[in-house]
Amino acid sequence: MADGEIAIGIDLGTSYSCVSIIENGQPVVIPNEWGERTHASVVSFLEDGTVLVGNSAKRNIITNADNTVYSAKRLIGRFFFSDEVKKAQAVMPYKIIEGENNSVRIQIRENVYSLPEISALVLKEMKSIVENYLGHEVKKAVVTVPAYFNDNQRQATKDAGRIAGLEVLRILNEPTAAALAYGFGKDITQKIAVYDLGGGTFDISILEIGKDVFEVLSTAGDTYLGGDDFDDRIMTWLAEDFLKRHGIDLRLNKYCLQMLKEASERAKIDVGRDAVAKIKVEGICQDPTGKVMDLEATLTEAEFNRMVMDLVQRTFKVCDEALQSARMTASDLDAIILVGGPTRLPIIRTSVKHYFQKEPMAGIDPDEVVAMGAAIQAGSLMESKSDHYLLDVTPLTLRVGTVGGYTDKIIDKNTPIPIERSKSYTTNRDGQDKVKIRIYQGESNKASECELLGEFEFSGFRIAYRGEVRIEVTFEIDTNGIVHVTAADVETGQKTTTTIRLSSGLTEEMIRAAQAKTAATQLARGAAA
Amino acid sequence: MDETFEIEAAALAQVLDELDYFQILKIGQGASPSEIKSAYYRESRAYHPDRFYQLKNAELKESIGRIYKRINEAYVCLRDDVKRAKYLGDISGPERQRKLRFVEASEQELKKDKEQEIGTTPQGRKFFMAGLQDMAAQRFAAAERNFKMALTYEPNNPNYKSKRDEAGKLIKNDMTIR
């Protein structure tokens, strides 16, 4: 390692984050000063201008609801008009507003933040946990994302790292990181599946592990499916019951909604551990006469399983897809690795066992394994020679818009990265000086059913009669899964000027301003408890 | 990193566009799937960009990136039996130089090809299909008439022309036999 400089591995989760470094050749999770090993991905903006991040911030979701941001990962890299943003606006107590270029912003008092800025504060907290532990500054990191994240979401996460003052060495897929932590130093040859059910997203990756090679054969996922959805089911059940009994809909008040949400998450954990959950929230609301009311209920395991069965089944549809892409059946697999907090639930463990006809691997901490894998990759990128190779893939088909709202495939999903592909275009008007293309990611040939990545405009080529100028556009997906588009005049080889016309991302200028703002933000230390 | 590797990588980057996928993966055209996979792993060990993350020489780093992207491209094509068969045909033909990089016909191109085959005008297609039926029933004179009719709607359709010529020849053969 160069000059004792180290790079950290960060699992930036929807609900919880975790940070790890390599010590004596092994990945270790670094706890904060109160011994906590995972940290709520919650950012609470206090009255005095300081910011609280982590488990102490989570306690503020109820008391400081308007100024406390959670589940930001559900919004990062999305356009304001997307369904997910509309859904979040309905349930989140914090204010979600529209920024320029259809982007999403969060308003806290008189300040406006982009999503990468919010995530940057979580990353900054992870960075300072390690700095406290080591006693010196760290500047480099590998940050993980769901394998099924698209280009916009990856780019926004990378921007978040930069805003936090980190050089992001790699955006690494969470299941790949987990596989790396599992196979690291083991010298095994296996085909494995990583079943990663997080707070907000579900990923499945099928890998082949060799002595020094980790090859991802396929990946599939659902970025709208996670533990939060399980909480929502309990919440709906509690709210409907309360409505029936007392004629009051708790969901109509954002304050009650947060208490309900908190109680639901606790009930999910309790029912998973004890097979039954006693739910009691004192003073959840007042009836019209001003009488304070309590919420009380008992959730049994059987009841809970019934509520979430369809969600569990949805994960296996995604598993089918991944196995099919890898041209395998469940019986070809040697091991199943479970990742993410919700995989502790007995319903998940038994269903996974039933689907794969195999007991999931024991002894892997589903909350920490991703951060550990990120630390291993960070360590290996810092060394001049690496003793293992990650052969990862792009999760979504890259497409280019054509006439009539259709798209054409450029790079198939599950193609190993880095990869590039070129396509040539001719001008169709005399004297044309610009060529515009739109690129998308998704599995439909209809543009409206795919995610728009951006609109690119190429200019600075020869001006001639129509059809005389050919522009070769090169689409590249790098090792981070991030898309780059460049173009050149075929005849002269002259590179054209590329302008991004439409994008959900931040400009260089915005990133630099955010860096300064984030660097000046004081993270409140000292437990709120 | 040793000097031999540096020279090798620089040289490979130079000739990258002249090599076919078998040459990129350093395997024979008859390689088995497992040989393809181990070749891919071997080349990944040598050229995976992660190994060169800290490399200061930007030009060499760029070359290695280019080589590795081509290794991935080769693997994607050769591990798939259907793509591999088509590719092998492409690079064994006269247009080898132009087809060293596998390009799947896009959905639209495929549709276009199909249209070119049977025609782009409804009338042309109608006479052409009728001609094909006559051919199958060995009514060659009728077939030739139908193909000629089809050509009046699409005078430049190469498929129509070749079918007309084929029918014409068969009429002559038919007469000599009689």
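Here the focus is the packing of helix H5 (residues 151-163) of chain A against helix H12 (residues 508-520) of chain A. Residues and elements named next belong to chain A. Where H5 contacts H12, the two axes come as close as 8 Å, and the packing angle between them is 45 degrees. Classified by the angle their axes make, H5 and H12 are oblique. Listed contacts from H12 to Asp 159, Arg 162 and Ile 163 of H5 are Ile 511, Ala 514, Gln 515 and Thr 518. The class makeup of the residues in the contact of H5 with H12 is 3 nonpolar, 2 polar and 2 charged.

In this section: the interface of chain A and chain B. At the interface, 21 residues of chain A touch 19 residues of chain B. Elements with a minimum of two residues in the side of chain A that touches chain B: helix H11 (369-382), strand S19 (389-391), strand S21 (407-411) and strand S22 (419-426) of chain A. No other element matches S19(A), which puts 3 residues into the side of chain A that touches chain B. In the side of chain A that touches chain B, the residues fall into 9 nonpolar, 8 polar and 4 charged.

Bringing the environment of Glu509(A) into the picture now. Residue and element names in this part refer to chain A. Among the structural elements, Glu 509 can be located in helix H12. Judged by the 8 C-beta atoms lying within 10 Å of it, Glu 509 is exposed. Sequence separation between Glu 509 and Val 483 is 26 residues; the distance between their C-alpha atoms is 20 Å.

Right, let's talk about the domain arrangement of chain B for a bit. Per the domain assignment, the segments of chain B are domain 1 (3-104) and domain 2 (108-177). Relative to domain 2 of chain B, the C-alpha centre of domain 1 of chain B lies at a distance of 43 Å.

The next thing to look at is the domain arrangement of chain A. Residue and element names in this part refer to chain A. Domain boundaries assigned for chain A yield domain 1 (2-187 + 362-387 + 512-520), domain 2 (227-305) and domain 3 (398-503). When each unit is reduced to the centre of its C-alpha atoms, the spacing between domain 1 and domain 2 is 30 Å. By residue class, the composition of the side of domain 1 that touches domain 2 is 5 nonpolar, 2 polar and no charged.

Scoring rules and cut-offs
- Residues numbered from 1 in each chain as written.
- Chains lettered and ligands numbered in written order.
- Predicted model: local features only at pLDDT ≥ 70, side-chain atom pairs only at ≥ 80, totals over all residues.
- Axes fitted to C-alpha atoms, helices over the stretch in contact; angles between N-to-C directions.
- Helix = DSSP H or I, 4+ residues; strand = E, 2+ residues; numbered from the N terminus.
- Parallel < 35°, antiparallel > 145°, perpendicular 65-115°, else oblique.
- Contact = placed C-beta atoms within 7 Å.
- Nonpolar A, V, L, I, M, F, W, Y, C, P; charged D, E, K, R; others polar.
- Buried ≥ 20, exposed ≤ 12 C-beta atoms within 10 Å, placed from the backbone.
- Domains from an automatic or database assignment.

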